[in-house]
Amino acid sequence: MSLSGWKQKVVALAGGLGAPGLFLISFLDSSVLTFPVINGLLLIELSIQRPARMPLYAFLAALGSVLGCVLLYFIARKGGEALFHKRAGEHAHAIRHWVEQNGFVGMLIAALLPPPTPFKFFVFAAGVFEVPLFSYTSAITIARLFRYFGIGYLAIRYGADALPYLMHHKLQVTVFVISLITVSYVFSRLLLRGRASSGNVD
């Protein structure tokens, strides 16, 4: 992993700030800049130092990431389709089709997929092709909470080996989380449908 000089200064500043720095890095990484795995490493470091504060760190990382994605969503809406095609290149058609056909569930799955998934292209597509903001934000929030609370849990359990463990098992972890969320989503839809049917009968 290599970062330019000014990015290294931003990372050093964020590391010195603790929890606010984690929020800052997560926000920047999800919006206008890219800091590969830095927010995960910082979350692990802070959680190891103060395990009792892990939920706070995970929440701030998730919040920063969600807000960064929302900012990028609005930038994409203003930039338009030409900007999306310029950034997404050969992936543009497939990403557009995925986002338009799958909506909330599509964004949720895209946000849960591990690197090197080009997730920012999905964010651009959501903004350009007007995925409803509530659905978009809900999907990103669920995905980020799962991701960062998962990393925080692994940090407390495995210490400095948490990120290597996650990278080594990223496919299994991703499949498990997506399966869990899919089952929960289907169950909630069936439950709501059952309640609606009962209400109609009454």
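Predicted model only: the values in this text are computed from it and were never measured.

### Notes on the pattern of salt bridges
Part 1: Evaluation of the coordinates by the stated rule reveals 1 salt bridge.
Part 2: In this structure, Glu100 engages Arg96 in a salt bridge whose closest nitrogen and oxygen atoms are separated by 3.2 Å. Of this pair, Glu100 and Arg96 both sit in helix α5 (residues 92–112), 4 residues apart, which is roughly one turn of that helix.
Part 3: A relative accessible area of 42% means that Glu100 is categorised as partly exposed.
Part 4: Owing to a relative accessible area of 29%, Arg96 belongs among the partly exposed residues under this scheme.

### Structural notes on the confidence of the model for the protein
Part 1: Chain-level statistics for the protein give a pLDDT mean of 79 and a share of 76% at 70 or above.
Part 2: For the protein, the element scoring lowest by mean pLDDT is helix α9 (residues 170–201), at 59; helix α2 (residues 19–30) scores highest, at 90.

### Section: the nonpolar core
Part 1: Residues Phe84, Val99, Met107, Phe119, Phe122, Tyr136 and Ile140 are the most contacted members of the largest nonpolar core, which totals 29 residues.
Part 2: Contributions of two or more residues to this core are made by α4 (54–88), α5, α6 (119–128) and α7 (133–158).
Part 3: Counting residues in each nonpolar core, the second largest holds 24 residues, with Ala14, Phe35, Ala61 and Ile151 among its members.

### A word on α2
Part 1: In this model, α2 (12 residues) spans 17 Å end to end at C-alpha, consistent with the 16 Å of a helix rising 1.5 Å per residue.
Part 2: Among the residues making up α2, those that are buried are Ala19, Gly21, Leu22, Ile25, Ser26, Leu28, Asp29 and Ser30.

### So, α5
Turn by turn, an α-helix covers 3.6 residues, leaving residues three or four places apart pointing in a common direction.
Part 1: An ideal rise of 1.5 Å per residue puts 30 Å on 21 residues; α5 reaches only 19 Å between its terminal C-alpha atoms.
Part 2: Taken as a whole, α5 carries its principal kink of about 125° at Gly103.
Part 3: Within α5, the full set of buried residues consists of Ala92, Ile95, Val99, Gly103, Gly106, Met107, Leu108, Ile109, Ala110, Ala111 and Leu112.

### Some thoughts on a nonpolar patch on the surface
Part 1: There is a patch of nonpolar side chains on the surface, built from Phe59, Leu63, Leu67 and Phe149 and spanning about 320 Å² of accessible area.
Part 2: A total of 3 residues in the nonpolar patch trace back to one element, the largest contributor, which is α4.
Part 3: By the element assignment, Phe59 lies in helix α4.
Part 4: Residue Phe59 is classed as partly exposed on the basis of its relative accessible area, which comes to 42%.

### Considering the packing of α2 against α4
Helix-helix packing is characterised by the crossing angle of the two axes and by the distance between the axes.
Part 1: It is at 7 Å that the axes of α2 and α4 come closest, and there the two elements cross at 30°. On the basis of the axis angle, α2 is roughly parallel to α4. When the axes of α2 and α4 are compared, the crossing they make is right-handed. Every residue of α4 that contacts α2 at Ala19, Leu22, Phe23, Ser26, Phe27 and Ser30 is listed here: Tyr57, Leu60, Ala61, Leu63, Gly64, Ser65, Leu67, Gly68, Cys69, Leu71 and Leu72.
Part 2: Taken together, the residues of the contact of α2 with α4 sort by class into 12 nonpolar, 5 polar and no charged.

Criteria and thresholds
- Residues numbered from 1 in each chain as written.
- Predicted model: local features only at pLDDT ≥ 70, side-chain atom pairs only at ≥ 80, totals over all residues.
- Heavy atoms only, no water.
- Salt bridge = Lys/Arg side-chain N within 4 Å of Asp/Glu carboxyl O.
- Helix = DSSP H or I, 4+ residues; strand = E, 2+ residues; numbered from the N terminus.
- Buried < 20%, exposed > 50% of the residue type's maximum accessible area, 1.4 Å probe, protein only.
- pLDDT = per-residue confidence, 0-100.
- Core = buried A, V, L, I, M, F, W, Y, C linked by side-chain atoms within 4.5 Å.
- Expected span 1.5 Å × (residues − 1).
- Bend = angle between axes of the 7 residues up to and from the residue.
- Patch = residues over 30% accessible without salt bridge, like charges linked within 9 Å, V, L, I, M, F, W, Y side chains within 5 Å.
- Areas by Shrake-Rupley, 256 points an atom, 1.4 Å probe, with all protein chains shown as cover.
- Axes fitted to C-alpha atoms, helices over the stretch in contact; angles between N-to-C directions.
- Parallel < 35°, antiparallel > 145°, perpendicular 65-115°, else oblique.
- Left-handed = near helix turned anticlockwise from the far one by under 90°.
- Contact = heavy atoms within 4.5 Å.
- Nonpolar A, V, L, I, M, F, W, Y, C, P; charged D, E, K, R; others polar.

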